[in-house]
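# Architecture and fold: a report
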Amino acid sequence: MKILITNDDGINSKGLYALVEALSKYDHELFIMAPELEKSAISSGLTLRDPLKLEKKPDLIKGVPTYSLTGTPADCVLSDTIGRPKSTKSAFEDTNEAF
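Model, not experiment: these values are computed from the prediction.

### Describing the overall build of the chain
- Tallying secondary structure elements over the chain gives two helices and five strands in all.
- Counting from the amino terminus, the chain carries its helices and strands in the arrangement β-α-β-β-β-α-β.
- Counting only residues that meet the buried cut, the chain has 35% of its 99 residues in that class.
- The long-range fraction of contacts in the chain, counting pairs at least 24 apart against all pairs at least 6 apart in sequence, stands at 75%.

Rendered as structure tokens:
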């Protein structure tokens, strides 16, 4: 299964790493696109006026393509859908570090 992983705590979140590490043990094709910075409370918002910047990051776990986006988690999912049609069957979000 192809899986997009995103979050609202940002690309450097410990929860994101933990989720990717757990899913990497299974036979899935993983792809990470998470906000560059923490975006809690605006996860489902879309960026309408500002340009979005996509940046390739070092793989969070070897072999798992990792990108950050200057937008929200919703922007990440939408960007994946537009940029890589039919690539993703599921999307996962990591646990919230605030709890």
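### Structural notes on unusual backbone geometry
- The backbone of Ala41 shows a phi angle near 75°, a positive value even though the residue is not glycine.
- Given the relative accessible area of 82%, Ala41 is considered exposed.

### Quick look at the pairing of strand S1 (residues 2-6)
- In terms of burial, S1 is largely enclosed, as four of its five residues are buried.
- As defined by bridge partners, S1 adjoins strand S2 (residues 29-35) across four bridges and the pair is classed as parallel. In the sheet register, Leu4 faces S2, and the bridge partner there is Phe31.
- This β-α-β element, S1 to helix H1 (residues 14-23) to S2, shows right-handed connectivity.

### Here we look at the environment of Pro51
- Inspection of the secondary structure assignment puts Pro51 in the loop between S2 and strand S3 (54-57).
- Sequence separation between Pro51 and Gly71 is 20 residues; the distance between their C-alpha atoms is 8.7 Å.

### A short note on the nonpolar core
- Membership of the largest hydrophobic core is limited to 12 residues, which are Ile3, Ile5, Ile11, Leu16, Leu19, Val20, Leu23, Leu30, Ile32, Ala34, Ile61 and Val64.
- Breaking this core down by element, the ones donating at least two residues are S1, H1 and S2.
- Examining the composition of this core, we find that four residues originate from one element, H1, more than from any other.
- Aside from chain neighbours lying at most four places away, what touches Ile32 is Ile5, Ile11, Leu16, Val20, Leu60, Val64, Pro65, Thr66 and Tyr67.

### Describing the pattern of salt bridges
- Applying the stated criterion across every chain, the model contains two salt bridges.
- Across the pair Glu55 and Lys57 runs a salt bridge, and its minimum N-O distance is 3.6 Å.
- Look at Glu55 and you get partly exposed, because its relative accessible area is 29%.
- Residue classification places Lys57 among the partly exposed residues on the basis of a relative accessible area of 23%.
- A salt bridge links Asp59 to Lys56; the nearest nitrogen and oxygen atoms lie 2.9 Å apart.
- Given a relative accessible area of 35%, Asp59 falls into the partly exposed group.

About the cut-offs
- The residue count restarts for each chain, going from 1 along the sequence in the order it is written.
- Predicted model: local features are reported for residues with pLDDT of at least 70 only, side-chain atom pairs are reported and counted for 80 or more only, and whole-chain, interface and lining totals are derived from all residues.
- To get the side-chain values, all heavy atoms of the structure are used, and hydrogens and water are removed first.
- The way it works is that DSSP assigns letters per residue, a run of H or I at least four long becomes a helix, a run of E at least two long becomes a strand, and they are numbered from the N terminus.
- Relative accessibility under 20% of the residue-type maximum defines a buried residue, over 50% an exposed one, and the middle range a partly exposed one, all with a 1.4 Å probe and only protein chains included.
- Only heavy atoms matter for contacts: two residues are in contact if any of them lie within 4.5 Å across the pair.
- Between any two strands, at least two bridges found by DSSP are needed for them to pair.
- For crossovers, right-handed means that the path from the first strand over the helix to the second runs clockwise, given strands pointing away from the viewer.
- Put simply, buried Ala, Val, Leu, Ile, Met, Phe, Trp, Tyr and Cys residues joined by side-chain atoms within 4.5 Å make one nonpolar core.
- Whenever a carboxyl oxygen of Asp or Glu lies within 4 Å of a side-chain nitrogen of Lys or Arg, that contact is scored as a salt bridge.

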